[in-house]
Amino acid sequence: MPLHIYNVLSRQKEPFQPLSEGKVNLYVCGPTVYDEPHIGHGKTYIAFDVVVRYLRYRGYDVLYVQNITDVGHMLDTGEDRILKKARQTSSLPMAVVETYTRSYFTAMDALNVTRPDISPRASGHIPEQIAMIEQLLAQGNAYEVNGSVYFAVQSFPEYGKLSGRKIEDLEGGARVAVLDEKRHPADFALWKKAEPEHILRWPSPWGEGFPGWHIECSAMAAKYLGQTFDIHGGGIDNIFPHNECEIAQSEAAHGERFARFWMLTGSLTLDGVKMSKSLGNTLTVKAALARWRPEAIRTFILSAHYGSPIDFSDEAIDGAHKGWRRIWGAVTLVREQLRSAAAGQPDPAILEGLAGFKELFIARMDDDFNAPGALAVLHDMTRQVNTWVNEQGNLTQGSLQAIDDLYRELGGQVLGIVPESVESSSSADREDGLVRLLIDLRSQARAKKEWATADQIRNQLKELGIVLEDRADGTIWKLAE
RNA sequence: GGCGACGUAGCCAAGUGGUAAGGCAGAGGUCUGCAAAACCUUUAUUCACCGGUUCGAAUCCGGUCGUCGCCUCCA
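Residues numbered from 1 in each chain as written. Chains lettered and ligands numbered in written order. Predicted model: local features only at pLDDT ≥ 70, side-chain atom pairs only at ≥ 80, totals over all residues. Heavy atoms only, no water.

1. Some words on the environment of K13
Along the polypeptide, K13 turns up in strand 2 (residues 12-15). A relative accessible area of 44% places K13 in the partly exposed class. Only 2.8 Å separates the side chain of K13 from the side chain of D367, close enough to count as a polar contact. (Helix = DSSP H or I, 4+ residues; strand = E, 2+ residues; numbered from the N terminus. Buried < 20%, exposed > 50% of the residue type's maximum accessible area, 1.4 Å probe, protein only. Polar contact = N/O pair within 3.5 Å; in protein donor to acceptor, adjacent residues only side chain to side chain.)

2. Here's the deal with the nonpolar core
Core analysis: the biggest nonpolar cluster contains 137 residues, and F369 and L415 have the highest contact counts within it. It is helix 1 (residues 39-57) that provides the largest number of residues to this core, a total of 11 residues. Shared between two domains, this core holds at least three residues of each, these being domain 1 (4-265) and domain 2 (321-414). Excluding residues that lie within four positions of it along the chain, L415 makes contacts with V50, R298, L302, F361, M365, L375, L378 and L410. V435, I439, I457 and L468 belong to the second-largest nonpolar core, a separate cluster that totals 7 residues. (Core = buried A, V, L, I, M, F, W, Y, C linked by side-chain atoms within 4.5 Å. Domains from an automatic or database assignment. Contact = heavy atoms within 4.5 Å.)

3. Thoughts on the packing of helix 14 (residues 428-447) against helix 15 (residues 451-463)
When two helices pack together, you describe them by how their axes are tilted relative to each other and by the distance separating the axes. Relative to each other, helix 14 and helix 15 sit at 155 degrees, their axes nearing to 7 Å. On the basis of their axis angle, the class for helix 14 and helix 15 is roughly antiparallel. Where helix 14 crosses over helix 15, the handedness of that crossing is left-handed. On the side of helix 14, the interface is formed by L438, L441, R442, A445 and R446, while helix 15 contributes W451, T453, A454, I457, R458 and L461. Counted by class, the contact of helix 14 with helix 15 contains 7 nonpolar, 1 polar and 3 charged residues. (Axes fitted to C-alpha atoms, helices over the stretch in contact; angles between N-to-C directions. Parallel < 35°, antiparallel > 145°, perpendicular 65-115°, else oblique. Left-handed = near helix turned anticlockwise from the far one by under 90°. Nonpolar A, V, L, I, M, F, W, Y, C, P; charged D, E, K, R; others polar.)

4. Looking at the domain arrangement of chain A
The accessible area lost on association of the parts is a frequent measure of interface size. Assigned domains within chain A: domain 1 (4-265), domain 2 (321-414) and domain 3 (428-479). Computed from C-alpha coordinates alone, the two centres of domain 1 and domain 2 are separated by 41 Å. Each side of the interface is counted separately: domain 1 has 12 residues, and domain 2 has 12 residues. Summed over both sides, the interface of domain 1 with domain 2 buries roughly 1200 Å², with 57% coming from carbon and sulfur. For the domain 1 face of the interface with domain 2, the top three residues by lost area are R53, Y54 and Y57, together amounting to 52%. Across the domain 1-domain 2 interface, the total number found is 2 salt bridges. For the salt bridge of R58 with D366, the shortest nitrogen-to-oxygen distance reads 2.9 Å. Linking domain 1 to domain 2 there are 10 residue pairs in polar contact (both at pLDDT 80 or more). Contributions of two or more residues to the side of domain 1 that touches domain 2 are made by strand 1 (4-7) and helix 1. Ranked by residue count, the leading element in the side of domain 1 that touches domain 2 is helix 1, at 6 residues. (Buried area = accessible area lost by both parts, 1.4 Å probe. Salt bridge = Lys/Arg side-chain N within 4 Å of Asp/Glu carboxyl O.)

Have a look at this one:
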């Protein structure tokens, strides 16, 4: 069965066929960089990270574009949130943007999220946005009032097709005072006139101003991916108005379909309620990483389908962490045995078993990126691997290598939860040597039944965060979790 | 108020017509000098509730209750 993706546009799973054979153009709405990235960003971008990793694993040439919003998002008060932050911290707007853009990438790197191929900034694409607005004006999809330009939603009959909203319904329910200069309450800004105190401003055919909230994504997606591209992703909370407006602007301006597939991720809640900037109940990625290792956070997030909401609780993430540890324990055991395994061809029965797990893993991922199902396959495989290694014993180098390779492929390359090596620092080898020395001494003590000495070595190492495990075929060590 | 999603064991969660994956926690066991880890067995006659369709439903339809998201900046 080929890859199927749930398309929010059609509200059903559809077989995925890219526009160009073997190539996938993907756009995902990125963050507005005015504050520290939080764990909700983590959920969304880890989800799309796995989508990108899997598509590449399946052989697609993926072009991944994710914007950085550094202008245009305004508060209820009409103030740009980046300007507000700049005022609060007495710094320049673009310095605020730089600070939090770096925080964002640092946090995502720490979570082992692959960087997008292109991270275009809104402020760096003002000419493209202006050109698109001019196009909309020329076609009668937009109008200018007092130096601002608005999109006329009634000029685009399909407005609402993504979120299921109707223009008529939007009129009555409007809670926010409608700007007098709009012709229709649902019309949205493409370009806003800059008041004198507004620092972020650019010249335009309509005077000094700045782009509206949504036009950046339309302009940048078209620039880098084409007018029609394969997949548009983002958080479900942006489905309206942001994503809806993107579609309206793009399809009205280009007369072409915008994204073919829409993939939206469920929100992350913290103790039952959504984290929101206005509520202030945020858990930053940095704070989360201080408590859990990145693989535990990834495993937790991947344990629910990307489209489902997920509640971040200590109990849930601890459970995911312990589950991950079982997988990692098997991986380290295999790699440990690989150090001294006898050369030999892989056992055909083991190769056959591994092929079965791989096939099942791919089937799960092909079904709308069912990461929880794929994770379950990895758990089943882990039980089998532990049995092979413990019961069968003395696996050949070929067998162990095949097992490790599959872990690297499915757990590492695709899900990003199996690290390349147990330790990556340059002191790792020395540390390993020291621990092995102590293990050898302890083995001699144990051989003489000097248990007090043996226990002392083990206990003191444990205090240093190093755990020993005595096995029939020798002692291994690992870092305590 | 309008729109949308969801409600599966103590917790997380997969499963869109064929008779309940997986992880955590719990119980018993094997292995072990002790420990740790691992493995084995076990833990939902049942999928919020009520009614309907069907030979057959957690899965489809209607209703009720509940939770969450969006409608206003938000991943």
